[in-house]
Amino acid sequence: MTDRIYARIAGTGSYLPAQVLTNEDLAQRVETSDEWIRTRTGIRQRHVAAEGETTVDLAYQASLRALEAAGVQPEEIDLIVLGTTTPDLIFPSSACLLQHRLGANGCPAFDVNAACSGFVYALTVADKFIQSGAAKTVLVVGAETLTRMLDWSDRSTCVLFGDGAGAVVLKADSETGILSTHLHADGGKKELLWNPVGVSAGFKPEEHNAGVRVLMTGNEVFKHAVKALDSVVEETLEANGLDRHEIDWLIPHQANLRIIEATAKRLDMPMERVIVTVDKHGNTSSGSVPLALDEAVRSGKVQRGQLLLLEAFGGGFTWGSALLRY
Ligand code: UT7
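Every chain's residues receive numbers from 1 upward, in the order its sequence appears when written. Where totals are concerned, whole chains, interfaces and linings use all residues; where local detail is concerned, this predicted model gives features only for residues with pLDDT of at least 70, and gives and counts side-chain atom pairs only at 80 or more. Think of the side-chain values as coming from all heavy atoms in the structure, minus any hydrogens and water.

**Student:** Hey, could you run me through the overall build of the chain in this one?
**Tutor:** Here a helix means four or more residues in a row that DSSP labels H or I, a strand means two or more in a row labelled E, and each is numbered from the N terminus. The helix and strand inventory of the chain stands at 10 helices and 13 strands. Just to be clear, the radius of gyration here is over C-alpha atoms, and the globule rule we use is 2.2 Å times residues to the power 0.38. Over its C-alpha trace the chain gives a radius of gyration of 19 Å, about what one expects of a compact globule, namely 20 Å for 326 residues. C-alpha atoms of the chain, sized along the principal axes, occupy 60 × 45 × 35 Å. Summary of the burial criterion: residues with accessible area below 20% of their type's maximum are buried, those above 50% are exposed, and those between are partly exposed, where the area comes from a 1.4 Å probe applied to protein chains only. Split into buried and exposed, the 326 residues of the chain put 55% on the buried side. Pairs of residues are marked as contacts when any of their non-hydrogen atoms sit within 4.5 Å. A fraction of 75% describes how many contacts in the chain between residues 6 or more apart in sequence connect residues 24 or more apart. Each accessible area value is a Shrake-Rupley result obtained with a 1.4 Å probe; residue values ignore everything except the protein chains displayed when judging cover. In the form shown here, the chain has an accessible surface area of approximately 13,600 Å², with 50% of it arising from carbon and sulfur atoms. One way to put it: in the chain the 30 positive side-chain charges average out to a point 3 Å from where the 41 negative ones average out. Neither His nor the chain ends is counted toward charge; the positive residues are Lys and Arg and the negative residues Asp and Glu. One atom stands in for each charge, and that atom is NZ of Lys, CZ of Arg, CG of Asp or CD of Glu.

Below is the structure:
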C-alpha cells in the first residue's frame, strides 16, 4: 500500500429521455433503412429529449441516481465537472446550473468541452483534483442533447446520434480507484467532425449551407478513431505494465459497433467482456461512456475489484482513456 490517493467510483447513474426514435422512424424521414443503420453502426434506436427538456435536465436525473448509488448527499460534493458539447446556455455553464438544481451551492463547478471524449476528459480532471488532495467527493457528468444540432435531412449524420446522460460520484480512497488516464487532441482535423458556427466566429448559416448542425466525413473519422483508440489502449497498457489479457471489461465510447469491435480485437478481448449499449441509444457523445458504465454496474456484469478500461474518441479530434480498478 502506498500513500497515493485514488479516485474511486462510489456510484454511477444514467438517464435517457422517454421519447424513442427507431431506425424505421428515420427511414420515413430520409433515404435510409434499418438494415443499413444496423449493419454499419450497430444502432437500433436513439432517445430524443422532449421539447423544453435540456442537457441539464438529463444531467440532473443521472446525477441523482449516481448520488443515491454512492450514498452521497449533494452538500457533500466538493467539485462538479460536466462534459458537454450541447450546454443549455452559452453561460452560465451547465455545471453551475446543475449545481444549483442539486443544492450543492458553493463548490466549484465547470464544463469541459471535448466533444465525444467529454466524459473521459472530465473524469481525468476530477481524478487530478482528488489525487492532489484538492477535492474528496466529485460529481462527474457527461450529458448531451446532440439531436438539437442535427440536420434531420442529412442521412449521413442524423441516424447516428441521440440524447442521454451518465454520471459518477468519485470519492478519495487510499486503496484503489483510477490507476491512470491518458488524453490527446489534434486540432488539425477539425473539419472532419464539427459544428462550424459559434459565438466569436459568428453565426453565419449561409457559409455552411445550414444553421447550427453537426457536419462529419464519417469514413475518415472512422479510420482516425480506430487508429487513435488502438494507440491510446497500447499507451495505457504500457504505462501500467499490463498484459492486454488482464483487463476485465472494455467500456468504450458508443459511436459505432465496428469501431468498438476493432478495439476489442486489438485487446484480444471476446465481445462478452465489452459493454455495448450503442444499439439502445446511438452516439450520445459525452453521455456515452458513463451510460455504458452505469449499465455495466447495474446489470451486475462489473464487479468490485475488476479492472476496467474506458476510452473515447470525438470531434477536435480528442481522444483518451482511463484505467481503473472498480
Ligand atoms: O463519436 C465521434 C466519432 N464518430 C464516429 O466515430 C463516427 C465514425 N464513422 C462511422 O461510424 C461511419 O463512417 C458511418 C456509420 C458514419 C458511415 O459508415 P461507412 O461504412 O463509413 O459508410 P460511408 O460513409 O463510406 O458511406 C457508404 C455509403 C455511401 O454511399 P455510396 O457513396 O457508396 O453510394 C453513403 O452515401 O453509404 C451511404 N450512406 C447511407 N446509406 C443509407 C450514408 N449514410 C447512409 C444512411 N443510409 N443513413
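**Student:** What is the right way to look at the site of the ligand in this model?
**Tutor:** A cutoff of 4 Å decides nearness: a residue is near a molecule or strand if any of its heavy atoms lies inside that distance of it. Not every one of the 24 residues close to the ligand is listed here, only the nearest: Thr32, Arg40, His253, Asn256 and Asn283. The term polar contact refers here to a pair of N or O atoms within 3.5 Å; inside protein, the definition further demands a hydrogen-donor-capable atom paired with an acceptor-capable atom, and it admits residues adjacent in sequence only when both atoms are side-chain atoms. Contacts to the ligand include Trp36, whose side-chain N or O atom sits 3.3 Å from a nitrogen atom. Between the ligand and the protein, one listed contact pairs an oxygen atom with a side-chain N or O atom of His253 at 2.8 Å. Protein chains bury 73% of the 950 Å² of accessible surface belonging to the ligand in isolation. Given that more than half its atoms are within 2 Å of the pocket grid, the ligand belongs to the second largest pocket. Of all the elements, helix α7 (residues 218–239) adds the most residues to the shell around the ligand, at four residues. Domain borders in the structure are assigned automatically or taken from a domain database. Counting only domains with at least three residues in the shell around the ligand, you end up with domain 1 (6–176) and domain 2 (179–325). Only protein atoms enter the 1 Å grid, on which a cavity is a set of points fitting a 1.4 Å probe that cannot get out and a pocket is an open set with protein on both sides within 12 Å along at least 5 of 7 lines, lining residues being those with an atom within 4 Å of a point. Any molecule with more than half of its atoms within 2 Å of a cavity's or pocket's grid points is regarded as sitting in that cavity or pocket.

**Student:** I keep staring at the pattern of salt bridges and nothing clicks. Help me out?
**Tutor:** Side chains that differ in charge, positive against negative, can pair when their charged atoms come close. Counted as salt bridges are all cases of a side-chain nitrogen of Lys or Arg within 4 Å of a carboxyl oxygen of Asp or Glu. Applying the stated criterion across every chain, the model contains 11 salt bridges. For Asp186, the salt bridge identified is with Lys189, shortest N-O distance 3.1 Å. Asp294 is paired through a salt bridge with Arg298; the nearest N and O atoms lie 2.7 Å apart. Here Arg298 and Asp294 lie together in helix α10 (residues 288–298), a separation of four residues that amounts to about one turn. Connected via shared salt-bridge partners are Asp230, Glu234 and Arg266.

**Student:** Explanation requested: helix α5 (residues 118–132) in the structure shown.
**Tutor:** Three- or four-residue spacings in an α-helix give side chains the same orientation, since the helix completes a turn every 3.6 residues. The end-to-end C-alpha distance of α5 is 21 Å, a good match for the 21 Å that 15 residues give at a rise of 1.5 Å each. Among all positions of α5, only Gly118, Phe119, Val120, Tyr121, Ala122, Leu123, Thr124, Ala126, Asp127 and Ile130 are buried. At the C-terminal side of α5, Gly133 shows a positive phi close to 85 degrees. Here the expected span of a helix is defined as 1.5 Å times the quantity of residues minus one.

**Student:** Just to check I follow, could you spell out the sheet that holds strand β1 (residues 6–15) for this structure?
**Tutor:** By way of backbone hydrogen bonds, the strands of a sheet pair with one another, either parallel or antiparallel. Taken in spatial order, the five strands make up an open sheet running β1-β7-β6-β4-β5, and their pairing is mixed. Looking at the sheet topology across the chains shown, the edges are occupied by β1 and β5 (109–112). Taking each pair of neighbouring strands and ignoring which way they run, the sheet shows an average axis angle of 20 degrees. Strands are treated as partners if at least two bridges between them are detected by DSSP. Bridge analysis of strand β4 (residues 79–83) against β5 gives four bridges, and the strand direction is parallel. Bridge pairing in β5 places Leu82 opposite Asp111. Lines fitted to the C-alpha atoms define the axes, with helices restricted to the stretch that makes contact. Angles between their N-to-C directions range from 0 to 180 degrees.

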